[in-house]
Amino acid sequence: MEDKNLDIAAGFLSRFEDASYTPQEEKALRWRLDKRLIPILFFNITLGAVDKSTISMGALYNLRVDCDMTDGDRYSWAGSAFYFGYLLWCFPAGGLLQKFPIAKTMMAFQILWGVVLIGTGFVSSFPAFVAMRVLLGVLEAPIAPGNFLVMGMWYTRKEQPLRTGLFYTGMSSFITGPLGYVVGFITNKWFMPWRALFWIVGSITIAYAIIIGIFLPDNPVQSKFTTEKEKFIAIDRLRADQIGVENKNWKWEQFWEAILDIKTWLMLILNVLINVPNGGLGNFTPLIIAGLGYSSRIASLLFMVVGITSTASCYICNGGVFLSSKYYPKLHLRGAFMIFGLLVAMISTIFLYTLPTTAIQNRLVALFMAYFYLGPYVVSIGLVSANTAGYTKKVTVNAIIFMGWCTSNIIGPFFFRTNQAPLYPLGIAAMLFSNVGSIIMIGLYMIFCWSENRRRDRLAATEGAIPQEATEFRDLTDKQNMNFRYVW
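The structure contained in this document is the topic of the report that follows.

The rules behind these values
Residue positions within a chain follow its written sequence, with the count starting from 1. A pLDDT threshold of at least 70 governs which residues receive local features in this predicted model, and a stricter bar of 80 or more applies before side-chain atom pairs are shown or counted, although totals over entire chains, interfaces and linings include all residues. Hydrogens are left out, water is left out, and the side-chain values use all remaining heavy atoms of the structure. Where helices and strands are cited, they refer to DSSP runs of H or I of at least four residues and of E of at least two residues respectively, numbered from the N terminus. C-alpha atoms define the radius of gyration in this analysis, and the globule rule sets the expected value at 2.2 Å times the number of residues to the power 0.38. Exposure classes here rest on a 1.4 Å probe applied to the protein chains alone. A residue is buried below 20% of its type maximum, exposed above 50%, and partly exposed in between. Residues count as neighbours in contact if any of their non-hydrogen atoms are within 4.5 Å of one another. Computed by Shrake-Rupley with a 1.4 Å probe, the accessible areas treat only the displayed protein chains as cover when residues are assessed. For the charge count, each Lys or Arg is scored as positive and each Asp or Glu as negative, with His and the chain ends excluded. To locate a charge, the coordinates of NZ of Lys, CZ of Arg, CG of Asp or CD of Glu are taken. By the criterion applied in these results, polar contacts are pairs of N or O atoms within 3.5 Å in which, for protein atoms, one can donate a hydrogen and the other can accept it, and in which residues neighboring in sequence qualify only through two side-chain atoms. Residues are called lining when one of their atoms sits within 4 Å of a cavity or pocket point, these points coming from a 1 Å grid over the protein atoms alone, where a cavity is a set in which a 1.4 Å probe fits but cannot get out and a pocket is an open set with protein on both sides within 12 Å along at least five of seven lines. Grid points are joined across faces, edges and corners, and a volume is the space filled by probe spheres set on the points. Basically, the charged four are Asp, Glu, Lys and Arg, the nonpolar ten are Ala, Val, Leu, Ile, Met, Phe, Trp, Tyr, Cys and Pro, and anything else, Gly included, counts as polar. Aromatic contacts are taken between Phe, Tyr and Trp rings whose centres are within 6.5 Å, Trp giving its six-membered ring; a plane angle under 30 degrees counts as stacked, one over 60 as edge-to-face, and the others as tilted. Only when the NZ of Lys or the CZ of Arg is both within 6 Å of the ring centre and within 35 degrees of the ring normal is a charge said to sit over the ring. The rule for a disulfide is simple: a pair of cysteine sulfur atoms within 2.5 Å. Between the N-to-C directions of two axes lies an angle of 0 to 180 degrees, each axis being a line fitted to C-alpha atoms and, for a helix, fitted only over the stretch in contact. Here the angle decides the label: under 35 degrees means roughly parallel, over 145 means roughly antiparallel, 65 to 115 means roughly perpendicular, and every other value means oblique.

Turning to the overall build of the chain, a few remarks are in order. The helix and strand inventory of the chain stands at 21 helices and 0 strands. On C-alpha atoms alone, the chain measures out to a radius of gyration of 23 Å, which is about the 23 Å that the 2.2 N^0.38 rule sets for 488 residues. Each principal axis of the C-alpha distribution contributes one length, and for the chain these read about 70 × 45 × 40 Å. Counting only residues that meet the buried cut, the chain has 59% of its 488 residues in that class. Once local pairs closer than 6 in sequence are excluded, the contacts in the chain between residues at least 24 apart make up 85%. Of the roughly 19,200 Å² that the chain leaves accessible, carbon and sulfur atoms contribute 68%. On the chain, the mean spot of the 41 positive side-chain charges and the mean spot of the 31 negative ones are 6 Å from each other.

Listed below in structure tokens is the structure:
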């Protein structure tokens, strides 16, 4: 009879008790995984970001006029509407990801998301547009958490930061920018540029969803692109992390542990603070650029620079974490790289706040560099995945963290007041506050993980260490498993 407390990997590994493999075999498998999984995970995140930026790009082409969003805070509400839907569906999405096959679930939601995007291109009123954005938020809710669940199934904690930096980038602007430029040549009175933008992005999303269903495996055990020996290698090399692969049984004790864990709340607050710039800049950057005197088409192209700086931030922060864990495995530098990225964003924000309006090029550079917060945010998401064990707890914590992300993206646009355009001093001040607050929360998280590791080391020294095989693939949480050590 199947033991519901065991991870899905436990039963599979029991068939390979005497099996072994070489470092060369593991390296070859890791390269195969990278070629198959990372491009899929990359486009999962990138297409979601393209979707979210269509509203800001459309705003350059009379979207606000056509959908009656020129009065008061209507445009801010339209920007926030997506995140209300996402917030509403965070926990249900987590439950669906645990209950049903991950890849198939993500495919189904992405197809529906593409359909809604296409439908958004046909609306002509503020209520209809807001309703479509809320529905889009619901449909995107399983995608990013699903990405991190997939990554945790296949990669060790040391390997995850580099891969996270590769698939969670700011490269979406390299799609949105050129699309925004091209649709700007459309002059038809009803076939407006912003409508075409939604139709194109929606069609791409549906086509890509089919690719997910074909090429993304649900888990290592059921993978069709790996041999039985490769499945064994993929799972066995995760033993030392003491995290596990997957368990389809909901465990209420893990749910409540996630709710009461101080790390959950530190990361929740961090995610609320660190994403305030995302909520504002995501909706207003093209308008800020246009406010500096650039045309709509040129503003669309300049928006691509955002992708360069934010992606550089992801590569520097996540790449730094990967290299430090590889060459200096005893050092914990994830928090340090997060603080570095936030300091760059904070200094850039200060320049954006203080530079005179006549310094157009300097203000533009400061605006682009303010996106350096993305790297630290991506490291923080990977940190949650690396420091959370127990499948139900992992699903729960992911949902809570993304609720914090939704909250900041809901409130962020309202710091950018229409009557303060194009400088938006309140919005810039909110970004500065978020940078400082995020640094403080990272420091507190690092201290907690450091002290808990020391406590566990002292217990192991005085009471004796628990054998690793007694706790591996038992679907234990990080608190239940005293062999577990936190990274920070």
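This part takes up the side chain of N387. By the secondary structure assignment, N387 is in the loop between α19 (374–386) and α20 (391–411). The class for N387 is buried, based on a relative accessible area of 0%. Within polar-contact distance, the side chain of N387 engages the side chain of Y445 at 3.0 Å. Engagement of the side chain of N387 in a polar contact is seen with the backbone oxygen of V487, the distance being 2.8 Å.

Further remarks concern the layout of surface pockets. Space inside the largest pocket adds up to approximately 490 Å³. R157, K158, D241, P329 and V487 are, among the 24 residues lining the largest pocket, the residues nearest its centre. Residues belonging to the lining of the largest pocket are distributed by class as follows: 8 nonpolar, 8 polar and 8 charged. Estimates place the volume of the second largest pocket at around 310 Å³. Residue lining of the second largest pocket: K27, R30, W31, D34, T156, K158, E159, L162, R163, F322 and K326, and that is the complete set.

Another aspect to go through is the packing of aromatic side chains. Under the definition given, this model contains 32 aromatic pairs. Plain terms: the ring middles of W154 and F225 are 5.9 Å apart, the flat faces sit at 35° to each other, and that makes the pair tilted. With a gap of 71 residues between them, W154 in helix α7 (residues 143–154) and F225 in the loop between α10 (193–215) and α11 (228–236) connect regions that are remote in the sequence. Grouping residues by exposure puts W154 and F225 together as buried. For the ring pair F167 and Y168, a centre distance of 6.4 Å and an interplane angle of 35° mean the geometry is tilted. Like Y168, F167 is buried. Seen from the ring of Y75, R64 lies directly overhead, with NZ or CZ sitting 5.6 Å from the centre. In this structure, R157 is placed above the aromatic ring of F484, and the distance from its NZ or CZ to the ring centre is 4.8 Å.

Our focus in this paragraph is the state of the cysteines. Under the criterion given, the structure shown has 0 disulfides. Of all cysteine sulfurs in the structure, the one in C90 sits closest to C406, which takes part in no disulfide; the separation is 4.3 Å. Residue classification places C406 among the buried positions, given a relative accessible area of 0%.

With the rule as written, the count across this model stands at 8 cavities of 30 Å³ or more. As a volume, the largest cavity reaches approximately 570 Å³. Around the largest cavity, the lining is made up of 35 residues, and of these A49, K52, Y83, S172 and N278 lie nearest the centre. For the lining of the largest cavity, the element with the most residues is helix α2 (residues 23–58), which contributes 8 residues. Grouping the amino acids of the lining of the largest cavity by side-chain chemistry returns 18 nonpolar, 14 polar and 3 charged.

Glancing now at the packing of α2 against helix α4 (residues 74–99). The N-to-C vectors of α2 and α4 enclose an angle of 170°; their axes lie 11 Å apart at closest approach. Taken together, the axis directions place α2 and α4 in an arrangement best described as roughly antiparallel. Contacts from D51, K52, I55 and S56 of α2 reach α4 at Y75, A78, G79, F82 and Y83. Of the residues in the contact of α2 with α4, the class split is 5 nonpolar, 2 polar and 2 charged.

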